[in-house]
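What follows is the residue order along each chain.
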Amino acid sequence: MPLPNPLPIPSLIQKLQWIVDPVQYLKKAAKKYPDIFTADIVGYGCPVVFVNHPQVIREVFINDRKKFAALGEANNVFEPLIGNTSTIMLDGDRHKQRRQLLMPPFHGERMRAYGSLIYNITEKVFSQLPLNKSFSARNVVQEISLLVILEAVFGLHEGKRYCALKQLLALMMDVFKSPLTSSFLLVPFLQKDLGLWSPWGRFLHQRQRIDQLLYAEIRERREQSDPNRIDILSLLMSAKDETGNSMTDQELRDELITLLLAGYETTSTAIAWALYWIHYKPEIREKLLQELHTLGDYPDPMNIVRLPYLTNVINETLRIYPVLMATLPRVVQEPVELLGHPIEPGTVIVGGIYLTHRRESLYPNPEEFQPERFLDRQFSPYEYMPFGAGVRRCIGEALAVFEMKLVLATILSGYQLELESSQPEKAQRRGVTLAPANAVKMVIKGRRVRQKSLIPMATTTAP
Ligand code: HEM
């Protein structure tokens, strides 16, 4: 049975375009077939159907345990990174149970505990930057995000293991920094271990060293358990499923790497985009500063999180360039029809996040950054979906949004920044994310005088 609306472009060209310029690839595809099309691209092991019409997205994502199953094997491309016992590799009941263990530590209310940690890390990293000297905002917020994950998720603060992991994790992620090297992740054929001089060999070596450090940390934590710890690893180690079982060392290792990989590039890329838009449109920065001012000297992190204009700016940042262009795949389990196209079992479908967010009928002038559009109307979870939908909806959404808001509030209220160039940023592939091609070059023009710290100091260990 033919797949719906296959793109009339030779397979090799499609694959190359998807790696080198995914935005142009998606735009061209949607011009021809705005609602549904079949792409012949890398990363899925077969052609994949993009659905970009909210009604169809709804139909797929409310049925993604049964008719359009979120199968773990459809995510095989990530296995070398995250192992085979990670949430992303599970499906059915095992996936459901694992999410039940993972979700409580990421609940919105729990985030309050990480407020001062995020503030302190941002302040520490930013206070080391020189005045009037260009820096890459993406690299700086990447460091912030990595430290947040190491401290809030892994529960590591200082010491040899913390420093070694920090360095190795950043190096491992750097393998995928350009569109070309991203293909090592997307094309299994290129994953050849030719020793330390080859990119894949280097990646494997780094992964092995990271594993050694993580297993050592897990072993030590088991030996010296501390009920006062509130980092996510500690919470996961003490969590038990319905049958009373807790997670094994391998499962903990796979989840830690998953949370790192799923959380670190994504959140830092989103913050970098936000910094870009806020400074590209100075009127937005002024409005944000006025809003932050209304909170007074000791704002509670939860009050920052509730600021309406800041929320709209974050929403619009994740609309215009959603960090992930598509959801994880869903696999058709029984014959179905979507928008009049019969589709057979085994067909792989993804929700086209980028293209849905660019639908003119939902978002007039979709190329324009307009936070106000979130004031004017509410969007359904199938019209606005930067964190996906259904059974695989992002576990780290609350942490990501909390971190984005606190990091931005800390930077804006402490530093006067400018973009180095007035040229618009273009979006470019970085691994599986859509990142600013020029890494958002900025300059600190001055430090704002702050009477008191934005958020009172505290540690991540409960008193
Ligand atoms: C701005 C930042 C982020 C964005 C845009 C984002 C986006 C997404 C998207 C689109 C999915 C796929 C959902 C689907 O297929 O329906 C996903 C899944 C996931 N995300 Fe995030 N994410 C972000 C941050 C985080 C953070 C901070 C963490 C954890 C520390 C995290 C952990 C996960 C996990 C574990 C999954 C897989 C869930 C599953 O397989 O059941 N993400 N994310």
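As the structure is a prediction and not an experimental result, all values here were calculated from the model. Throughout this document, residue positions are counted from 1 along each chain, in the order its sequence is written. At least 70 in pLDDT is required for a residue's local features to be given in this predicted model, at least 80 for side-chain atom pairs to be given and counted, and no such filter applies to totals for whole chains, interfaces and linings, which use all residues. Side-chain measures were taken over the full set of non-hydrogen atoms in the model, leaving aside hydrogen atoms and water.

(A) View of the site of the ligand. Any residue with a non-hydrogen atom lying within 4 Å of a molecule or strand is treated as near it. Near the ligand lie 26 residues; those nearest to it are H95, R99, R330, R392 and C394. N or O atoms closer than or at 3.5 Å make up a polar contact, with two conditions inside protein: a donor-capable atom paired with an acceptor-capable one, and, for residues adjacent in sequence, both atoms drawn from side chains. At 2.7 Å from an oxygen atom of the ligand is found a side-chain nitrogen or oxygen belonging to R99. A distance of 2.9 Å is found between an oxygen atom of the ligand and a backbone nitrogen or oxygen belonging to L328. For helices the rule is a DSSP run of H or I covering at least 4 residues; for strands it is a run of E covering at least 2, with both sets numbered from the N terminus onward. Elements represented by at least two residues in the shell around the ligand include exactly α5 (92-102) and α12 (249-280). Examining the composition of the shell around the ligand, we find that 6 residues originate from one element, α12, more than from any other.

(B) Spatial organisation of the environment of L90. Mapped onto the elements of the fold, L90 is located in the loop between α4 (79-82) and α5. Given the relative accessible area of 4%, L90 is considered buried. Contacts are residue-level and defined by heavy atoms, with any inter-residue pair within 4.5 Å sufficient. If we skip the residues at most four places from it in the chain, L90 touches A70, G72, N84, T85, H95, R98 and R392. Accessibility here uses a 1.4 Å probe with only protein chains present; expressed as a share of the type maximum, an area under 20% marks a residue as buried, one over 50% as exposed, and anything in between as partly exposed.

(C) Quick peek at the pairing of strand β11 (residues 433-436). Pairing between strands requires that DSSP locate at least two bridges from one strand to the other. The sheet contact formed by strand β10 (residues 427-430) and β11 spans 4 bridges and is antiparallel. Bridge pairing links Q428 to A435 in β11. What sits between the antiparallel neighbours β10 and β11 is a turn of 2 residues, in which G431 has the positive phi angle 65 degrees.

(D) Expanded view of α5. Within α5 the residues assigned to the buried category are H95, R98, R99, L101 and L102. Down the axis, α5 shows its buried residues gathered within 155 degrees of arc, on one side only. Looking at the buried positions of α5, the neighbouring elements they touch are α11 (232-238) and α12. It is the directions from the helix axis to the C-beta atoms whose arc is reported.

(E) Structural view of the packing of aromatic side chains. Aromatic rings from Phe, Tyr and Trp, taking only the six-membered ring of Trp, are treated as a pair when their centres fall within 6.5 Å; an angle between ring planes under 30 degrees marks them as stacked, one over 60 as edge-to-face, and anything in between as tilted. Within this structure, the stated rule accounts for 15 aromatic pairs. Each ring, one from W18 and one from F50, has its centre 6.0 Å from the other, and the planes form 80 degrees; the classification is edge-to-face. Of the two residues, W18 sits in helix α1 (residues 11-20) while F50 sits in strand β2 (residues 48-51), which places them 32 residues apart along the sequence. We classify F50 as buried; its relative accessible area is 0%. Judged by centre distance (5.2 Å) and plane angle (10 degrees), the rings of F37 and F50 are stacked. Of the two residues, F37 sits in strand β1 (residues 36-39) while F50 sits in strand β2, which places them 13 residues apart along the sequence.

(F) Spatial organisation of the coordination of the iron atom of the ligand. There is one protein donor for the iron atom of the ligand, and it is C394 (SG), at 2.3 Å. By secondary structure assignment, the location of C394 is in the loop between α17 (373-376) and α18 (397-414). Here a donor is any nitrogen, oxygen or sulfur atom (N, O, S) within 2.8 Å of the metal, with 3.2 Å used for Na, K and Ca; water is not among the atoms considered, so some sites may look incomplete.

(G) Representation of α12. Its 32 residues place the ends of α12 46 Å apart at the C-alpha level, agreeing with the 46 Å of an ideal helix rising 1.5 Å per residue. Summarising burial for α12: 28 of the 32 residues are buried, a large majority. One less than the residue count of a helix, multiplied by 1.5 Å, gives the span that helix is expected to have.

(H) How the structure looks around the sheet that holds β2. Pairing in this open sheet of 5 strands is mixed, and the strands run β1-β2-β8-β5-β3 from one edge to the other. Among the strands making up the open sheet, the edge pair consists of β1 and β3 (68-69). With 2 bridges joining them, β3 and strand β5 (residues 330-332) adopt antiparallel strand pairing. Pairing of F68 across the sheet is with V332, part of β5.

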